[in-house]
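# Structure at a glance
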Amino acid sequence: MSVVLQKLLEVFKSVGPLLLVVCALQVTLVHAPTQLFLQFAVGSILAIVGLTMLFLGVDLGLLSMGKYIGGALPKRGSLVLIASAAVAIGFASTVSEPDVLVLSQQIEQAAHGSMASHVVLYVIALGLAFLATLAMLRIVFGWPMKYLLVAGYGSALMLAAWVPPRYVSLAFDAGSVTTGVLSAPVLIAMAMGVSSVLAKRTAISDGFGLVGLASIGPVIALLLMGVLGS
Amino acid sequence: MHHITIIARDVVLAIVPLALLFLLFQVFLLKLPLREVAAVLKGTLIASFGLFLFLLGVGLAFLPFGRAIGMALASLDRSWPLLTMGALLGF
């Protein structure tokens, strides 16, 4: 039971300042109708309870899921297995990431239906899955992080120069929402698992970096969608 | 009510692939003891219920209210409050 309280406290610490700022804004600047403000209060409580349960679930189950799978992958010594597992886990954990779900719904609303939310969702997930695979292979082969970062951001910047501006802003938002409460721990746990089994690899330099690299994927994917769509 | 069913569908669509993937790994590769499998699935179930509540709350609270804040800030004729608020809320 104390674990639940501890998580609840954690969530309050992270959401509390936001709630305070919103309340301050309400009385000073925004003056939204009372009904909207009440709706905000009820919704915040739901979101806080939900986030607490989500963190709990990640701690209890999803983290070990990532760790078990990551640890089992290198044992077979098959690159195909490692790569396809990275694709599958990258895709599945992004599709279930709350931040990504919220962003793709917002995009659909703002575009008035011209971009369907599930299309955006799958494009983001595919981009992440592809780069997560590259990042996983980096751990296996020990490629230096800097070359991959330069190549990833280089191609994103080049693409950004010739797609319509609205895709550029969407793409970079999409890159950052993929590093949320659900996909980040699962992916990091998997990377740690892989690097802990491989000899001569340290968890610090190899276990981390996967999420950072992988989040360039959605940026490139949405930019490519912009190139094809325009 | 319609809203709730859509969110529930989103959550199921989100969590089921991850859970299936784990079961697939379990059958062909991991072969963990049943207790561990049950723990992982229990965590997944709690997480998906949390995800449902969280998305419901965000849809109810933060999206409409964030919009109201944004519109109020953008209609001010000076830009500094917008910049300060952007920094504050981002923090």
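Check the entry above for the structure.
The paragraphs below set out a description of the structure included in this document.

What counts as what
- Residues numbered from 1 in each chain as written.
- Chains lettered and ligands numbered in written order.
- Predicted model: local features only at pLDDT ≥ 70, side-chain atom pairs only at ≥ 80, totals over all residues.
- Heavy atoms only, no water.
- Phe/Tyr/Trp six-rings, centres within 6.5 Å; stacked < 30°, edge-to-face > 60°.
- Buried < 20%, exposed > 50% of the residue type's maximum accessible area, 1.4 Å probe, protein only.
- Helix = DSSP H or I, 4+ residues; strand = E, 2+ residues; numbered from the N terminus.
- Expected span 1.5 Å × (residues − 1).
- Arc of directions from axis to C-beta.
- Contact = heavy atoms within 4.5 Å.

## Looking at the packing of aromatic side chains
All names here are of chain A. Here the structure, examined in full by the defined rule, presents 4 aromatic pairs over all chains. Here Phe-141 and Trp-143 contribute two aromatic rings whose centre-to-centre distance is 5.4 Å and whose plane-to-plane angle is 20 degrees, an arrangement assigned as stacked. Residue classification places Trp-143 among the partly exposed positions, given a relative accessible area of 35%.

## Focus: helix α3 (residues 62-74) of chain B
Three- or four-residue spacings in an α-helix give side chains the same orientation, since the helix completes a turn every 3.6 residues. Residue and element names in this part refer to chain B. Relative to the 18 Å expected for 13 residues at 1.5 Å per residue, α3 spans 18 Å between its end C-alpha atoms, a close match to the ideal helical length. Of all the residues in α3, the buried ones are Phe-65, Ala-68, Ile-69, Ala-72 and Leu-73. The buried residues of α3 occupy an angular sector of 130 degrees when the element is viewed end-on, so they sit on one face. Facing away from the buried side of α3, by more than 90 degrees, are the exposed residues Arg-67, Met-71 and Ala-74.

## Let's talk about the side chain of A:Ser117
Residues and elements named next belong to chain A. Mapped onto the elements, Ser-117 comes out in helix α5 (residues 117-141). With a relative accessible area of 17%, Ser-117 lands in the buried category. Residues in contact with Ser-117, not counting those within four places in the same chain, are Ser-104, Gln-105 and Glu-108.

Limitation: the analysis is restricted to geometry and does not speak to function.
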